[in-house]
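Descriptive analysis of the structure
The chain contents come next:
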Amino acid sequence: MANATNAETSPDTLAGPVSAEGRALPGHSFVIGPDAPLKLECGVDLAPVTIAYQTYGTLNADRSNAVLVCHALTGDQFCAEPHPVTGKEGWWTSMIGPGKPLDPARHFIICSNVLGGCMGSTGPASIDPSTGKAYGLTLPVITVGDMVRAQARLIDHLGIDTLFCVIGGSMGAMQVLEWASSYSERVFCAIPIAGAARHSAQNIAFHEVGRQAIIADPDWRGGDYASHQVKPVRGLAVARMAAHITYLSEPALHRKFGRNLQDRQAITYGFDADFQVESYLRYQGSSFVDRFDANSYLYLTRAMDYFDLAYEHGGVLGNAFKNTKTRFCIVSFTSDWLFPTAESRAVVHALNAVAANVSFCEIESDKGHDAFLLDEPEMFAVLGGFLKGCAEHRGLATGEPA
Amino acid sequence: MQAPARTAPLRVDLQLIADMVVPGSRVLDIGCGDGDLLDFLWREKQVDGRGIEISQAGVNACVTRGLSVIQGNADTDLADYPAGIFDYAILSQTLQATYNPRHVLSELVRIGKHAIVSFPNFGHWRVRRHLLTHGRMPVTGALSHAWFDTPNIHLCTIGDFVELCGDLGIRIERGLALDIGGRPLPGISGTGWRANLFGEQGLFLLSKEG
């Protein structure tokens, strides 16, 4: 197993990660050098590849308490600390922290920015060393499998043989399933939340709307906006607005906004944001463009669209998990219509067919797909119990008095 | 891996089931409720246990206590599993609530090298007397629901069950007639007419013939 002195570690590792905007970021970065490039599914050998990551807690002596947290489409490595760009609290502080299901006192928590992202890992906004310019659309298309292979190289680099747990929601759940399929012997337990083994036609359709919004923005400039010192902020904002609707449920939207008007007593017979829900979406769109790169959005949505674990295994999803010893806990939410329970259940059926060790919980919530990011006490209870059970089986500390 | 401290005592009939299970084996408990049996089997017998439970609250309670359980039911979800994958498929007090007990029974001995099945005996003398003297659907300790709200849609007698096993080519390795407290009735074989008359519940260890 590789360790921190591996040849993959180039001198660049010593420098911290840098965002797509060129801003220095807290945390660590790891570089896959040209001596052993990352083999992408599209056939290209890519190097150098930088993976920016953050860790919380301490790796124990037998290196058995590592947890890899996989972020969703617009997430990043700052899962459990204030975000360096937005200043908002980490996206999964509900799950990670003292006394939480993932506790830095017990777990060594690793979260890396995905390949193709824009928060320090190599993505379309990164500089292509062969041209000295941002890759833009010259970056090869990335898949979920590529993201996971890059993460596996990071885990090698950290000297970790087997991860105690790989966990994530949405696109993160896809990475979890890919990990469990490609590196099953390196994953003790896997927790895909609000996920699926493939992107549905409806999901691809929504992503296409978002991509077309970006591409239709004149400032996109064929993907080469970096050279023109502009950004397709309007297109990216519209993409975010459309996607954001899919993350919520109708009852959640209704509870939050109803048909309430925004700072006015009556409708204005115009196209200003009369309704609170419009104002909210506009805010979501405009704040998103400050922290996200439009081309990254194209690449990552594409990676999700291409994900189809059954297809990669002869059309039989069970084949993706043959002989697995990983313990699975599949979680879905009743009101999630983007990644509905039926998708999770299909994974459960496939795991049953290969006699895998699987738990499956559907959590009652009206918060839609986003529920995995929110305060869902039942999810925390279930995952806390599952992780504790897995810790007992693995001989780890469970956080309870003996 | 190590099984930690001992657990609370099991319900008597569950203890009888647990006694039939060889330590270290692989078990599927269908209708596992809050997971008491699975928890006991893992802690006391180092069993690799899985559960299926119809109520989501039950499933979440099981997973919260560290057990591997999915939401599902005996009628539809056994088909996924490959043949012979479990050492024991356990169906405790659930057969009478399935839509197709004949199919479920066949599935149990397909996916399990053994099946352990228990159910309330509709041939018990108190049931017979109740129907004879009152002419109404019996409500007894083992059959505690009124006819209009019972989950039990396919009640049978121990005699019926033994006959069905014969029809399906299922070998009865062991049969026990239990009293209302789940204790075995002394001196009564589990499959004969006396079991059918005096057993409040039947408990059977089964396997496929051949």
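Residues numbered from 1 in each chain as written. Chains lettered and ligands numbered in written order. Predicted model: local features only at pLDDT ≥ 70, side-chain atom pairs only at ≥ 80, totals over all residues. Heavy atoms only, no water.

Moving on to the UniProt feature "active site" (unreviewed entry) in chain A. All names here are of chain A. Residues given the UniProt feature "active site" (unreviewed entry) here are Ser170, Asp336 and His369. The greatest C-alpha distance among the residues just named is 10.7 Å, despite their covering 200 residues of sequence, which places them together in space. Looking at the element boundaries, Asp336 is found in the loop between β11 (327-333) and α8 (341-353). The residues contacting Asp336, other than those within four sequence positions of it, are Ala194, Gly368 and His369. A distance of 3.0 Å separates a polar side-chain atom of Asp336 from the backbone nitrogen of Leu338. Within the secondary structure, His369 is located in the loop between β12 (357-363) and α9 (377-394). Excluding residues that lie within four positions of it along the chain, His369 makes contacts with Ser170, Ala194, Thr246, Tyr247, Asp336, Leu338 and Phe339. Side-chain polar atoms of His369 contact the side chain of Ser170, separated by 2.7 Å. (UniProt positions renumbered as here; feature names shortened; annotations may be inferred. Helix = DSSP H or I, 4+ residues; strand = E, 2+ residues; numbered from the N terminus. Contact = heavy atoms within 4.5 Å. Polar contact = N/O pair within 3.5 Å; in protein donor to acceptor, adjacent residues only side chain to side chain.)

We now examine the confidence of the model for chain A. Caution is warranted with low-pLDDT regions, since their predicted coordinates should not be read in detail. Residues at a pLDDT of 70 or more form 95% of chain A, whose mean pLDDT is 94. With pLDDT under 50 throughout, residues 1-14 of chain A is counted as low confidence; its partners more than four residues away or in other chains account for 27 contacts. (pLDDT = per-residue confidence, 0-100.)

Between two packed helices, the angle of one axis relative to the other and the distance separating the axes together describe the packing. Residues and elements named next belong to chain A. Look at helix α4 (residues 233-247) against helix α6 (residues 276-288): their axes get within 8 Å of each other, and the N-to-C directions meet at 130°. Relative to α6, the element α4 lies oblique. For the element pair α4 and α6, the recorded crossing hand is right-handed. Judged by residue contacts, Leu236, Ala237, Arg240, Met241, His244 and Ile245 of α4 engage Tyr280, Leu281, Arg282, Gln284, Gly285, Ser286 and Phe288 from α6. (Axes fitted to C-alpha atoms, helices over the stretch in contact; angles between N-to-C directions. Parallel < 35°, antiparallel > 145°, perpendicular 65-115°, else oblique. Left-handed = near helix turned anticlockwise from the far one by under 90°.)

All names here are of chain B. Examined against the element boundaries, Asp48 turns out to sit in strand β2 (residues 48-53). The class for Asp48 is partly exposed, based on a relative accessible area of 25%. The spatial distance from the C-alpha of Asp48 to the C-alpha of Met20 is 15 Å, given a sequence separation of 28 residues. A distance of 3.2 Å separates the side chain of Asp48 from the side chain of Arg50, its partner in a polar contact. (Buried < 20%, exposed > 50% of the residue type's maximum accessible area, 1.4 Å probe, protein only.)

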